[in-house]
Amino acid sequence: MKPIIKVEGLGKRYKLGASRAQHLTQQHSLAGALKSRVGKALRRGAPGETFWALRDVSFEVMPGEVVGIIGHNGAGKSTLLKILSRIVEPTAGRVELHGRVGSLLEVGTGFHPELTGRENIYLNGAILGMKRAEIEKKFDEIVAFAEVEKFLDTPVKKYSSGMYTRLAFAVAANLEPEILIVDEVLSVGDAVFQRKCLGKMGNVAREGRTVLFVSHNMGAVAQLCSRAIIMSKGRTLLDGEAESTISAYLKQTDTAEGGRVAFEADPRKDVQITSMTVVSPDGEPVTSWPHTEEFGLLIEYRIERWPVGSYVCADVLNEGETRLLWASDVGSVAEMMVERPPGVYRALVKVPGSVLAPGRYYFTGAVVAPGREGASDVRVKAVYVDVTDGGSLLSNFGIRAHAATSIPLAWSTERIA
């Protein structure tokens, strides 16, 4: 099968401090020209610095693949997508695209601010090479998805960023491009809209179309993508199966500590977590533990003054930063109203065996004083444990748990015919 996207030796170089005269008024342009002449005379032609946003990037994408592009800010992800979307020209290398490309890279991309929402739908369809009849066939679906029917004949320059994004995504996803490219711009929308977009991209993928998805939300990448590419400093570091690639990326960027972590004392705080430790049943710090056996999280904290109504709690998160479990040391309002005298405290929460499937898990610890900002202490993803395969019946048969939790549930089977 022929790749739908083929990237060979792709590079993009920018000149730092490049002129932005095209965005200026005529008056500013004249002032800029005078300033430029003076600057040139002073510098005597000193060469400008250049920066490679992309360097020697190569990969192929097959039809129907859903590929996540991940990496830190400044890694070159957005530059890559702009080249694939034909918004900027590469400095080196080449790109082959076999199909129409629908892209959503930043709020307002491809929209004319003076045109209405209705007119921009037709404009975007024409840019994609669609005939008017094709656009009209999808028009109602686009409007319904974007939820902007009341503002359809309003110039989009008056839209909020959320409305802009909803309409832009609806156009990009519903006009049936063979290749859909989506950047982190979805973070502009609210949670309901984000879930709606993720569902739509899942549908697009199931229809056999190709999706390139850039996101810092590893849970969304893991949910949508079968493959992921890590980018760093304009180059591709790793290209492989999504789950293992995301895991490698998170470990590469991990600031949590395994086993035990202590925190610097701050005498100004009324309450402060002083350490967090993952422990065995014997109380020994551990960095890994079999998934079939119980282990615990030990939280030590110091109280100078206890805000009544406070409590201690912990979160368990997976590598995709999805919160799996939450627990607190109070079970009722009455318990929350009990004052704790000054001193040093140690709280232990136990995680039963056969609850977490094999993988790396992170713990957030907190002393929470509801409604009183500054009276709480939160340690986000402070410590981790690697839960290993404990030799369960499933592992003996080579069966992997397909979820983060693997709580034993009661089954009963009977023959009815």
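Located above this text is the structure these notes cover.
Not measured: the values here are computed from a predicted model.

Each value, and the rule that gives it
- Residues numbered from 1 in each chain as written.
- Predicted model: local features only at pLDDT ≥ 70, side-chain atom pairs only at ≥ 80, totals over all residues.
- Heavy atoms only, no water.
- Helix = DSSP H or I, 4+ residues; strand = E, 2+ residues; numbered from the N terminus.
- Buried < 20%, exposed > 50% of the residue type's maximum accessible area, 1.4 Å probe, protein only.
- Areas by Shrake-Rupley, 256 points an atom, 1.4 Å probe, with all protein chains shown as cover.
- Phe/Tyr/Trp six-rings, centres within 6.5 Å; stacked < 30°, edge-to-face > 60°.
- Axes fitted to C-alpha atoms, helices over the stretch in contact; angles between N-to-C directions.
- Left-handed = near helix turned anticlockwise from the far one by under 90°.
- Contact = heavy atoms within 4.5 Å.
- Nonpolar A, V, L, I, M, F, W, Y, C, P; charged D, E, K, R; others polar.
- Parallel < 35°, antiparallel > 145°, perpendicular 65-115°, else oblique.
- Pairing = 2+ DSSP bridges.
- Polar contact = N/O pair within 3.5 Å; in protein donor to acceptor, adjacent residues only side chain to side chain.

**Q** Teacher, can you tell me more about the overall build of the protein here?
**A** Counting secondary structure elements, the protein contains 10 helices and 19 strands. Taking all 417 residues of the protein together, 43% fall into the buried category. As displayed, the protein offers around 23,000 Å² of accessible surface, 52% of which is attributable to carbon and sulfur atoms.

**Q** Please explain the packing of aromatic side chains as it appears in this structure.
**A** Note on aromatic pairs: each is described by the distance of the centres and the angle between the planes. One pass over the structure, following the stated rule, counts eight aromatic pairs. Residues Tyr-159 and Tyr-164 carry aromatic rings whose centres are separated by 6.4 Å and whose planes lie at 70° to one another, so their mutual orientation is edge-to-face. Tyr-159 sits in the buried class, given a relative accessible area of 7%. Residues Tyr-301 and Tyr-345 carry aromatic rings whose centres are separated by 5.4 Å and whose planes lie at 10° to one another, so their mutual orientation is stacked. Of this pair, Tyr-301 sits in strand β14 (residues 295–303) while Tyr-345 is found in strand β17 (residues 343–351), placing the two residues 44 residues apart along the sequence. Residue classification places Tyr-301 among the buried residues on the basis of a relative accessible area of 3%. Judged by relative accessible area, which is 24%, Tyr-345 ranks as partly exposed.

**Q** Would you explain the packing of helix α4 (residues 132–146) against helix α5 (residues 161–174) in this entry?
**A** Geometry of a packed helix pair, given as the angle between the helix axes and the separation of the axes. Closest axis-to-axis distance for the α4/α5 pair is 8 Å, and the angle between their directions is 140°. Between α4 and α5 lies a crossing whose hand is right-handed. Contacts between α4 and α5 involve Lys-138, Glu-141, Ile-142, Phe-145 and Ala-146 from the first element and Arg-166, Leu-167, Phe-169, Ala-170, Val-171 and Asn-174 from the second. Residues belonging to the contact of α4 with α5 are distributed by class as follows: seven nonpolar, one polar and three charged.

**Q** Can you walk me through the packing of helix α3 (residues 117–127) against α4 in this structure?
**A** The geometry of α3 relative to α4 is characterised by a closest axis approach of 10 Å and an angle of 130° between their N-to-C directions. With respect to α4, the axis of α3 lies oblique. Here α3 and α4 pass one another in a crossing that is right-handed. Residues Arg-118, Ile-121, Tyr-122, Gly-125 and Ala-126 of α3 lie in contact with α4, whose contacting residues are Arg-132, Ile-135, Glu-136, Phe-139, Ile-142 and Val-143. Per-class residue counts for the contact of α3 with α4 are seven nonpolar, one polar and three charged.

**Q** In this structure, what is going on with the environment of Gly-202? I would like to understand it.
**A** Assignment of secondary structure puts Gly-202 in helix α6 (residues 191–206). We classify Gly-202 as buried; its relative accessible area is 10%. Along the chain, Gly-202 and Leu-224 lie 22 residues apart, while their C-alpha atoms are 6.2 Å from each other.

**Q** Just to check I follow, could you spell out helix α2 (residues 77–84) for this structure?
**A** An α-helical segment advances 3.6 residues per turn. Residues three or four places apart therefore align on the same side. α2 sits mainly inside the fold: six of its eight residues count as buried. Of all the positions in α2, only Lys-77, Thr-79, Leu-80, Leu-81, Ile-83 and Leu-84 are classed as buried. Of the residues trailing α2, Arg-86 is marked for its positive phi of about 65°.

**Q** Please clarify how the sheet that holds strand β6 (residues 179–182) should be interpreted in this entry.
**A** The pairing of strands in a sheet happens through backbone hydrogen bonds and is either parallel or antiparallel. An order of β5-β6-β7-β3-β8-β9 is seen for the six strands of this open sheet, with the pairing classed as mixed. Where the open sheet ends on each side, the last strands, each with one partner, are β5 (101–104) and β9 (235–241). On average, each strand axis in the sheet is inclined to that of its neighbour by 15°, with strand direction left out of account. Judged from the four bridges that link them, strand β3 (residues 66–70) and strand β7 (residues 210–214) form a sheet pairing that is parallel. Bridge pairing in β7 links Gly-68 to Phe-213. Each of β3, β5, β6, β7 and β8 (227–232) is contacted by α2, which is oriented at about 150° to β7, the strand it contacts most.

**Q** Whenever I open this one, the side chain of Thr-364 confuses me. Can you help?
**A** Turning to its location among the elements, Thr-364 is positioned in strand β18 (residues 359–368). The exposure class assigned to Thr-364 is buried, which follows from its relative accessible area of 8%. In terms of polar contacts, Thr-364 uses its side chain to reach the backbone amide nitrogen of Lys-381, at 2.9 Å.

**Q** I would appreciate a short explanation of unusual backbone geometry in the present structure.
**A** Phi is mostly negative for residues that are not glycine, and the peptide bonds are mostly trans. Positioned with a positive phi, Arg-86 is a non-glycine residue whose angle comes to about 65°. Positionally, Arg-86 belongs in the loop between α2 and β4 (92–97). Positioned with a positive phi, Lys-381 is a non-glycine residue whose angle comes to about 45°. Within the secondary structure layout, Lys-381 lies in strand β19 (residues 377–388).

**Q** What should I look at first to understand the sheet that holds strand β1 (residues 5–15) in this one?
**A** Taking strand neighbours across the sheet as the criterion, the three strands line up as β2-β1-β4 in an open arrangement whose pairing is antiparallel. In the strand order of this sheet, the two ends are held by β2 (50–61) and β4, each with one partner. Ignoring which end each strand starts from, the neighbouring axes of this sheet average 25° apart. For β1 and β4, the ladder comprises five bridges, and the chain directions are antiparallel. Looking across to β4, one finds that Gly-11 is bridged to Ala-92.

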